[in-house]
Amino acid sequence: MPLSTDLFDRLRAIVGAEHVRHTTGDLTPYARDATPLFDRLPDAVVFPADTAEVAAVLRLATEHRVPVVPRGAGSNLCAATVALNGGIVLVTTRMNRIREISPTELLAVVEPGVTTAALADAATAHGLLFPPDPGSRTVSTVGGNVATCAGGLRGLKYGVTRNYVLGLEAVLPTGEVIRTGGRLWKDVAGYDLTRLLTGSEGTLAVITEITMALLPAPADTGTGIAYFPDLAHAGRAVADILSAGIVPATLEFLDRSCVNAVEDFADLGLRRDAGALLLFGDDGTSDAVRRDLNRMAELCDAAGATEWTLAEDVAGAEALLTARRCSLPALSRLGSLTILEDATVPRPRIAEMVDRIDAIADRHTVTIATFGHAGDGNLHPTCVVADPNDTESIERAHAAFDDIFRTAIELGGTITGEHGVGAAKLPHLRAQLGDDQMQLLSRIKSAFDPARILNPGKLGS
Amino acid sequence: MTGVFDPEELSRCISCGFCLPACPTYAATGDEASSPRGRINLMRALETGRLDADDPTLLEQSSACLGCRACEPVCPAGVPYGSLLEQWRDHQWRGRHRPPLARLLTIVASLPPVVRAMGWGRFVLPAGRGIDKATRPATPGTPKQPAQPTPPAGTGASLMLGCFERAMFPNVSRAARTLLPGLKVPDDQGCCGALHAHNGESTKGRALARRLGERLPGRIVTTSGGCAAHLADVIGRDRVAELSEVVDVSALPERRVAGRRVRVTLQDSCHLRNGLGVWREPREILSAVADFVETPGANECCGAAGTHSLLRPIESRRILDRKLDAIEAGGADVVVAVNPGCLRQLRTGLRRRKSRVRAVHLAEFLTKPDGGARTR
Ligand SMILES: Cc1cc2nc3c(=O)[nH]c(=O)nc-3n(C[C@H](O)[C@H](O)[C@H](O)COP(=O)(O)OP(=O)(O)OC[C@H]3O[C@@H](n4cnc5c(N)ncnc54)[C@H](O)[C@@H]3O)c2cc1C
Ligand code: SF4
Ligand code: SF4
């Protein structure tokens, strides 16, 4: 539904004429996010500067029943920011100040458009650590991280975004500004709306300020890699490491296609002939880090690693992690359409899940490369399609993913560990949650958003 | 499908957004449309016909892009953005959509050397702001060739005299001859075509590069990062070297001023760094002969960006001012440039603010005992 000229005038009056976009050209870059195959032009893009402007835009939208899609950096992988029904895309990039870093209270207060890396760097500058570490950290915004409950490479030891959100300021679609939680770890006054908004994918409220817990920075970090004949062997090493009582900060694996794609980009001298690579890392006191790294290397060795090495220095470790973060885009060197999912299973079932993914890929004759956060059971099977216009291959890929989702649920896992449901996985959600819970989600959505204008076609719809 | 772009190159981007933090125009606006990913989505809209070539956003973004290619080395998918930009401008800037100044500049660059040497360049351009030939082209083709170890520019190699450089900075060419006396320096060289390739005439730009490759024997050494990247792309990396890849520093004395080593910093040439992967080499040279200090953001575009500083002076100056603040804060006597476009941009900006810092080309820095530093 195109917006009327009056409505545009009122939007301009709220955020300033230069912060409203409406031509097809200006809207085009906002038609999609990092998810392939979803593309829809919004009718307007607005860039509010503060909470009051967000509230005024939302009030106007509710009044006129215009959909509003909140957007940070648009790096999500589940089409969560695609304006399925048109309407207004509300971008938070202007709200990008770090308001406070408090070393005494171990917390930060930030606006939603601050990038994850900017918050992490600011914490580091104060001798603190912001643990959530999504692969997209240099791009993604903290608001987007909270709204998707982003995970990342340090999930095993440190948990995910929700473990660090202490409090939120958020604007309801009807324009009221609420504050949930605060600066305290202990606070049980009322329902835990902080947790509810965390992972709500922009369907309940627009987050305008985040109070985030930080930790003291560890004294030292270390990283190593081990090569295995195949993912199953690597999976066994992961199980051995965890059952030996080690909880490392990082435990990531890549199969051979991923190793080769990453090596093509980063040129780190990784072994291209290995069937799988396990990246392991820990932080803490120097002694503890050395000890744990050596033990993990020994356990890999015992589990059938063909070779292992420890990174010499911080720069070496950082290079390995950076390369791992690039796995997904690097994979697109194999084919220009990459469909990635993040089925997650309980840790003891990783090896089984890996085997089943292989069988599914064979059955549907598709190419699936797998990498992921092994320690969390969080796999990223990625289907690579050579020709983006080959609808037949794309259908086969979708059929394969249907099977993968079903298998994940069957093994006691989830259709999405960290990337979210968005528009891409909404059709699969009912299979996991059941009818009763789906209806409850919808009623919760209506309580926050009676006109149902906020990010329609996603969670709660 | 309109066939503007190489479909394989255009489809390689998966919209992951990893290039966003590297892009100076996105940093300035926070608007997806002025990011590499956004521009690629605009190109796709042009390709599919969703947008017409005279769409205002297409016109605006095709010229607002600095062409600095900072988005290339950070792209894990290996998207050849520079090449896509050339194809975009070729199409977008046809006929009346071509910024008139861009047209004038490429005409000047195509004039026979004699005419240029008569000062045409200076005459055509606003006084004191002559454009330097090399500037930064957006070279097509393979994204990033890692710098290979280069044999010394011995027999058979030739020195390329950038056409605008010869007119605007004759001292640079002279210094380069002094530094590399073994090189042949044929007279009628012509233009390498980088400026054309960058300004919507890539076919001509490539033809000029090929012609130059035929005229100059052996390996071609240039003092301009922009020319180097463009030439390498057309005639092959193995035939091209930039000055810092071939200079032998062991023979050079320290640069000194007022009884101490000159304190020097470097401004990268975007195309040299992002296109050819050459950035360690000039740093190693400067560290060997002077007191080198890294300026934060030295790898980011100075705003000269080929014709950008002339086509979009306000934005260009905003970018430059931030950079000059950082350079002055580092306490350097001299900022070294490895591309004449950057040299002009930095020099103009430093003069304007009456700075004590001097902007000097690498070749001059290595031939002047005081590196061109202010002596008092
Ligand atoms: C290469 C690559 C690697 C990745 N690696 C990881 C990883 O390791 N772990 C992981 O968890 N994710 C990962 N992601 C996915 C993605 O980066 C995360 O989901 C991230 O949190 C999204 O942040 P964003 O700022 O880009 O949000 P967007 O994509 O802009 O938005 C995501 C969702 O949040 C909502 N939203 C955004 N801002 C607000 C706000 N202020 N208020 C309310 N709702 C809002 C949007 O409506 C949308 O539903 C990766 C993505 C890529 C491309
Ligand atoms: S150009 Fe490269 S880094 Fe940028 S969005 Fe496309 S694939 Fe990602
Ligand atoms: S060439 Fe430079 S300005 Fe243009 S999109 Fe790439 S990084 Fe941005």
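Residues numbered from 1 in each chain as written. Chains lettered and ligands numbered in written order. Predicted model: local features only at pLDDT ≥ 70, side-chain atom pairs only at ≥ 80, totals over all residues. Heavy atoms only, no water.

A. Fine view of the site of ligand 3. Residues and elements named next belong to chain B. Around ligand 3, the structure places 13 residues, and the nearest of them are Cys-23, Cys-65, Cys-68, Arg-69 and Cys-71. Counting only elements with at least two residues in the shell around ligand 3, the list comes to helix 2 (24-29) and helix 3 (36-48). Taken together, the residues of the shell around ligand 3 break down into nine nonpolar, two polar and two charged. (Near = heavy atom within 4 Å. Helix = DSSP H or I, 4+ residues; strand = E, 2+ residues; numbered from the N terminus. Nonpolar A, V, L, I, M, F, W, Y, C, P; charged D, E, K, R; others polar.)

B. Fine view of the domain arrangement of chain B. All names here are of chain B. What the domain assignment lists for chain B is domain 1 (7-97) and domain 2 (256-367). Just the C-alpha atoms count here: the centres of domain 1 and domain 2 sit 27 Å apart. Between domain 1 and domain 2, roughly 1000 Å² of surface is buried when both sides are summed, and carbon and sulfur atoms account for 56% of that area. Broken down residue by residue, the surface that domain 1 buries against domain 2 is led by Leu-66, Cys-68 and Arg-69, which jointly contribute 47%. Applying the counting criterion to the domain 1 and domain 2 interface returns one salt bridge. A salt bridge links Arg-312 to Glu-60, with the shortest nitrogen-to-oxygen separation between them at 2.7 Å. (Domains from an automatic or database assignment. Buried area = accessible area lost by both parts, 1.4 Å probe. Salt bridge = Lys/Arg side-chain N within 4 Å of Asp/Glu carboxyl O.)

C. Region of interest: the sheet that holds strand 9 (residues 358-361) of chain B. Residues and elements named next belong to chain B. With parallel pairing, the four strands of this open sheet are ordered in space as 7-6-8-9. Each edge of the sheet is formed by a strand with only one pairing partner; in this case those strands are strand 7 (291-292) and strand 9. Of the strand pairs in this sheet, strand 6 (residues 263-267) and strand 8 (residues 334-337) are connected by four bridges, and their pairing is parallel. By the bridge assignment for strand 8, Leu-266 is matched with Val-336. (Pairing = 2+ DSSP bridges.)

D. Spatial organisation of helix 9 (residues 170-179) of chain B. Residues and elements named next belong to chain B. Among the residues making up helix 9, those that are buried are Val-172, Ser-173, Ala-175, Ala-176 and Leu-179. Each buried residue of helix 9 sits inside an arc of 160 degrees when the element is viewed along its axis, so together they form one side. Residues of helix 9 that are exposed and angled more than 90 degrees away from the buried face: Arg-174 and Thr-178. Among the structural elements, strand 1 (158-159), helix 8 (163-168), helix 13 (243-246), helix 18 (340-352), strand 9 and helix 19 (362-367) are those in contact with the buried residues of helix 9. (Buried < 20%, exposed > 50% of the residue type's maximum accessible area, 1.4 Å probe, protein only. Arc of directions from axis to C-beta. Contact = heavy atoms within 4.5 Å.)

E. Spatial organisation of the pairing of strand 13 (residues 250-255) of chain A. All names here are of chain A. The buried fraction of strand 13 amounts to six of the six residues, a majority that puts the element mostly inside the structure. Here strand 13 shows no split at all, with Thr-250, Glu-252 and Leu-254 on one side and Leu-251, Phe-253 and Asp-255 on the other all buried. Across six bridges, strand 13 lies against strand 14 (residues 276-284) in antiparallel orientation. In the strand pairing of strand 14, Leu-251 is matched with Phe-280.

F. Structural context of the interface of chain A and chain B. The partner chain B presents 30 residues to the 35 residues of chain A that form the contact. Summed over both sides, the interface between chain A and chain B buries roughly 2400 Å², with carbon and sulfur atoms accounting for 57% of that surface. Our count for the chain A to chain B interface comes out at three salt bridges. With a closest N to O distance of 2.2 Å, Asp-31 of chain B and Arg-21 of chain A form a salt bridge. Scanning the region where chain A abuts chain B turns up eleven residue pairs in polar contact (both at pLDDT 80 or more). Taken together, the residues of the side of chain A that touches chain B sort by class into 14 nonpolar, 13 polar and eight charged. (Polar contact = N/O pair within 3.5 Å; in protein donor to acceptor, adjacent residues only side chain to side chain.)

G. How the structure looks around the side chain of Asp-282 of chain A. Residue and element names in this part refer to chain A. Here Asp-282 shows up in strand 14. There is a polar contact of 2.9 Å between the side chain of Asp-282 and the side chain of Lys-157. Those residues within four positions of Asp-282 in sequence are excluded, and the remaining contacts are Lys-157, Asp-220, Thr-221, Gly-222, Val-247, Pro-248, Ala-249, Val-289, Asp-292, Leu-293 and Met-296.

H. Structural detail: the sheet that holds strand 10 (residues 206-213) of chain A. Residue and element names in this part refer to chain A. Strand order in the open sheet formed by five strands is 5-6-10-8-9, and the pairing between neighbours is antiparallel. A strand with exactly one partner marks an edge of an open sheet, and here the two such strands are strand 5 (98-102) and strand 9 (177-181). In this sheet, adjacent strand axes meet at a mean angle of 10 degrees when their direction is disregarded. On top of the sheet, helix 3 (residues 51-64) reaches strand 8 (165-171), strand 9 and strand 10; it is set at about 50 degrees to strand 8, its chief contact. Contacting strand 5, strand 6 (107-110) and strand 10, helix 4 (residues 116-125) runs over the sheet at an angle of about 35 degrees to strand 5. (Axes fitted to C-alpha atoms, helices over the stretch in contact; angles between N-to-C directions.)

I. Molecular detail of the pattern of salt bridges. All names here are of chain A. A complete count under the given rule lists 51 salt bridges over all chains for this structure. For the salt bridge of Asp-133 with Arg-325, the shortest nitrogen-to-oxygen distance reads 3.2 Å. You can see Asp-133 sitting in the loop between strand 7 (128-129) and helix 5 (142-148) and its partner Arg-325 sitting in helix 11 (residues 314-325), a full 192 residues away along the chain. Just as Asp-133 is buried, Arg-325 falls in that class too. Residue Arg-406 pairs with Asp-403 through a salt bridge whose shortest N-O separation is 3.4 Å. Pair noted here: Arg-406 and Asp-403 are both in helix 14 (residues 391-410), with a separation of three residues, about one helical turn. Residue classification places Asp-403 among the buried residues on the basis of a relative accessible area of 12%. Three or more residues joined by partner-sharing salt bridges are found here, namely Arg-97, Arg-99, Glu-111, Glu-169, Arg-179 and Glu-209.

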